[in-house]
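A look at the structure
As a plain string of letters, each chain reads:
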Amino acid sequence: MSVVVHRAPVVLSAGREALADGAVAVADGLITAVGPADTVLSGLDPAATVVHEHRGVLTPGLVNAHTHLQYSDMAEVGTAQHSGFEAWMSAFMALYPLPRDWSASAAAGAALALRSGTTAVAEIVTDAAAGSAVHDAGLYGIAFWEVLGYTDRTWADGGEQRVRAQLAALPSVPATGLSPHAVYSLDTGVIRDLSRLARDLGVRQHIHAAESAWEDAYVRTGTGDLAERWRANGRGEFALLSDGGVGTGVIRYLDGLGALTPSTHLAHGIYVDADDRALLRARGVSVALCPRSNGVIGLEPPPVAAYLREGNAIAVGTDSLSSSPSLSPWHDVAALHDIARAQGYADGDLHERLFAAATAGGAHALGLDDTGALRPGARADLAVFPAASATPRDVLAELVETGPAEASLTVVGGRVRWAAAPAYEGTTAPV
Ligand SMILES: [Zn+2]
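Small disclaimer: the values here were computed from a predicted structure and weren't measured.

Let us now look at the packing of aromatic side chains. Scanning all chains against the criterion turns up 13 aromatic pairs. Between F85 and W88, the ring centres sit 5.5 Å apart and the planes meet at 55°, which makes this aromatic pair tilted. Placement of both F85 and W88 in helix 3 (residues 85–95) is noted, with a separation of three residues, approximately one turn of the helix. In this structure F85 comes out as buried when scored by relative accessible area, which is 7%. With a relative accessible area of 9%, W88 lands in the buried category.

Shown next as structure tokens:
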């Protein structure tokens, strides 16, 4: 069995001591050893070992815990600045219905994700043509089939059978899941049914929640701009609208429908209070924070300092190019760093915790226990990034505060899926 060793001046992985001149040994797609380079190499047969000596910093591959790769072709929406969710939605809906090759758009997004050092994604698939992009690119993670627009009445007319068939049509590798879109685009009974369906099928759920301020009024009292728009558009039969809301916020409403379990993670989680965050902790639900998307749309920043102080499980998502300027999770990490400091988070562990959120935290959010960290037995999902700093501590600060747009190497399951040629081939040498 031949072993490939990736050696780098700095090796970082959440939860373990940083290594100067570290190495990761890989065989058959799995990590077999991690440690100081001398130690790792001394345990190997030189005749059966290939060593790649990298510049920069070696980390676990990044986990993008919320994205829609299929919208990569809609960057003109994501590079503009919008004044709020309604304005952004109008800009999005002006383009979305136009004929488009969703397969090519999603494939382009998957390629960008790999270039950014991402090895696993929580991908939301809205159009079937985009459904194989994660599989085809060799990415790890979950393709979530998005469900939206059903009232309890239209759902009763074969909705579940349709969704079962749509989900079954996605490639089963790496994995599939269900994404009930949001509390305002699905009727109350449909959200409850989808949670039951996810349990029946043994798949995970991923839901947009607490992304905009008007979601709260919509759920609590069935009022507000969105409620009025839906009524005007003939969608007044949603139970939240006909019943005048349920008297609670979005998080408690979802919990009452059985949607909050350890096999669900949420996207955004901006408009939540301390009770909501406590409920998310109690239910074992992670939140994928997407601060740059929130900024482009014109929303508030997420309460990252509160999530960190109170001990919530958080992950990092880029959302799509239709609401964000790039698919680099590092750029959202940098935004979260600045937001946390502005919100008064002064503890010295901020770099470590945000790095963990973008790697192990993302894996945890997706329920994947075999990626997101460099340890023997885990999948060989790793990335190498350029870094100007010398010490592990300074390199970590550099990554978190000004993370690079592009990796020099991305390895998924032991296979090289992206390599900036000069940085990789130029330093490859068999022992
Ligand atoms: Zn989204």
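What follows continues from the structure just given.
On to the packing of helix 16 (residues 329–342) against helix 19 (residues 392–402). Their axes nearest at 6 Å, the elements helix 16 and helix 19 cross at an angle of 90°. Judged by the angle between their axes, helix 16 and helix 19 are roughly perpendicular. Residue-level inspection shows W330, V333, A334 and H337 of helix 16 in contact with helix 19, the latter providing L399, V400 and E401. Its residues placed into classes, the contact of helix 16 with helix 19 shows five nonpolar, one polar and one charged.

Every second residue of strand 15 (residues 409–412) is oriented toward a common face, with L409 and V411 on one face and T410 and V412 on the other, all of them buried. As defined by bridge partners, strand 14 (residues 382–385) adjoins strand 15 across three bridges and the pair is classed as antiparallel. Opposite V384, over in strand 15, you have L409 as the bridge partner. Note: strand 15 against strand 16 (residues 415–419), four bridges, orientation antiparallel.

Here is what the cut-offs are and how they apply
- Residues numbered from 1 in each chain as written.
- Predicted model: local features only at pLDDT ≥ 70, side-chain atom pairs only at ≥ 80, totals over all residues.
- Heavy atoms only, no water.
- Phe/Tyr/Trp six-rings, centres within 6.5 Å; stacked < 30°, edge-to-face > 60°.
- Helix = DSSP H or I, 4+ residues; strand = E, 2+ residues; numbered from the N terminus.
- Buried < 20%, exposed > 50% of the residue type's maximum accessible area, 1.4 Å probe, protein only.
- Axes fitted to C-alpha atoms, helices over the stretch in contact; angles between N-to-C directions.
- Parallel < 35°, antiparallel > 145°, perpendicular 65-115°, else oblique.
- Contact = heavy atoms within 4.5 Å.
- Nonpolar A, V, L, I, M, F, W, Y, C, P; charged D, E, K, R; others polar.
- Pairing = 2+ DSSP bridges.

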